[in-house]
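Inside the fold
Given next are the chains, with one letter for each unit.
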Amino acid sequence: MELETERLVLREYSPNDVNDIILKINDLDVSKYLEVVPYPYTSEDGEWFVNHCVENSKKTPRDKYEMAITLKESGEFIGGVGLSNIDTYVGSAELGYWIGKNYWRQGIMTEAIDALINFAFYKLELNRLILSAYVPNTGSNELAKKLGFTLEGTTRQSARTKSTGKIYDTNCWGLLKQEWRK
Ligand SMILES: CC(C)(COP(=O)(O)OP(=O)(O)OC[C@H]1O[C@@H](n2cnc3c(N)ncnc32)[C@H](O)[C@@H]1OP(=O)(O)O)[C@@H](O)C(=O)NCCC(=O)NCCS
C-alpha cells in the first residue's frame, strides 16, 4: 500500500529503514509518550519492528497498516503512522504516529494522518477511528482536537511506557466517518 500527499509518500517499511528509524526515534522527546518504544532504541529493536511490519504487510486481510512517512522530494524517512487493531466487524481501528523532532510543527503529521484517515474510511470502509494520547502529551491531544476527534473519556493510570517506565492517564479520542471532512 502506498499513499501520496502534497509533500509526503507513506509507504510500507523495508529492511533498509532500520538505521533511519534509530536515528529519528532514539530520542526521549519522541518516545517518552509512546507505549511500546524502548529507550535506548537498538538495532535489534529496529530489525524486530521492520520484520514485524514486513510480515504483517503480507497478510490478507490485514489487521494493521504500519506506514513509513517519507519526504516526497528527497525520499528521506522522517517517521511513522499506522492503523492497528483493525476490526472489520465493528468497523473500527486505532491510529498511532510519531515523527522526528526536527520535523515537528510543520503540519506534516496532519498531512499524513489526513491521508490515512481517508484510506481508512473510504478504502477500508471503516466507520470509527480511535486515538489514545497520554494526558500530558499536549502535541498529540491538540492534534487530535484539530483533526476533529471527540474526547470520549480518560482512563486513569492505564498505560506504562517502555522508554521511561512512567504510568500515565490516557485520553481516548474517537472520530466517526460521518464527522470526517471529505
Ligand atoms: C504529536 C506529533 C506527532 C505532532 O506532529 P506534528 O507534525 O508536529 O503536528 P502538526 O504540525 O501537524 O500539528 C498540527 C496541530 O497539532 C497541534 N500541535 C502539534 N504539536 C503541538 C505542540 N507541541 N504543542 C501544542 N500543539 C501542538 C497544533 O494545534 C498544530 O497546529 P498548528 O501548528 O497550526 O497550531 C509530534 O509532536 C510527535 O511525533 N511527538 C512524539 C511522538 C508522539 O507523542 N506521538 C503521539 C503518541 S499518542
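Residues numbered from 1 in each chain as written. Predicted model: local features only at pLDDT ≥ 70, side-chain atom pairs only at ≥ 80, totals over all residues.

1. What about the environment of I130?
When you line up the elements, I130 lands in strand 6 (residues 128–134). Between the alpha carbons of I130 and A93 there is a distance of 6.2 Å; along the sequence they are 37 residues apart. Each residue touching I130, except ones within four places of it in the same chain, is listed here: S92, E94, C172 and G174. (Helix = DSSP H or I, 4+ residues; strand = E, 2+ residues; numbered from the N terminus. Contact = placed C-beta atoms within 7 Å.)

2. Brief notes about the site of the ligand
Neighbouring the ligand are 21 residues, the closest being M109, T110, G139, E142 and L143. With six residues, helix 5 (residues 138–147) is the largest single contributor of residues to the shell around the ligand. Here the residues of the shell around the ligand sort into 11 nonpolar, seven polar and three charged. (Near = placed C-beta within 6 Å. Nonpolar A, V, L, I, M, F, W, Y, C, P; charged D, E, K, R; others polar.)

3. Looking at the nonpolar core
With 44 residues, the main nonpolar core has L10, I69, A112, L116, A120 and L129 as its most contacted residues. Ranked by the residues each element gives to this core, the list is headed by helix 4 (residues 108–123), at nine residues. Beyond its immediate chain neighbours, meaning those up to four positions away, A112 contacts T5, L8, L10, I69 and V81. (Core = buried A, V, L, I, M, F, W, Y, C linked by C-beta atoms within 7 Å. Buried ≥ 20, exposed ≤ 12 C-beta atoms within 10 Å, placed from the backbone.)

4. Examining unusual backbone geometry
With an omega of -5 degrees, the peptide bond between Y39 and P40 qualifies as cis. With omega at -5 degrees, the peptide bond leading from T60 into P61 counts as cis. With a phi close to 65 degrees, R105 is a non-glycine residue in the positive phi region. Mapped onto the fold, R105 is located in the loop between strand 5 (92–99) and helix 4. Residue R105 is classed as exposed on the basis of its C-beta count, with 8 C-beta atoms lying within 10 Å. In the Ramachandran plot, E125 falls in the positive-phi region, its phi being about 60 degrees despite a non-glycine side chain. Along the chain, E125 turns up in the loop between helix 4 and strand 6.

In short, shape yes, function no, at least from these values alone.
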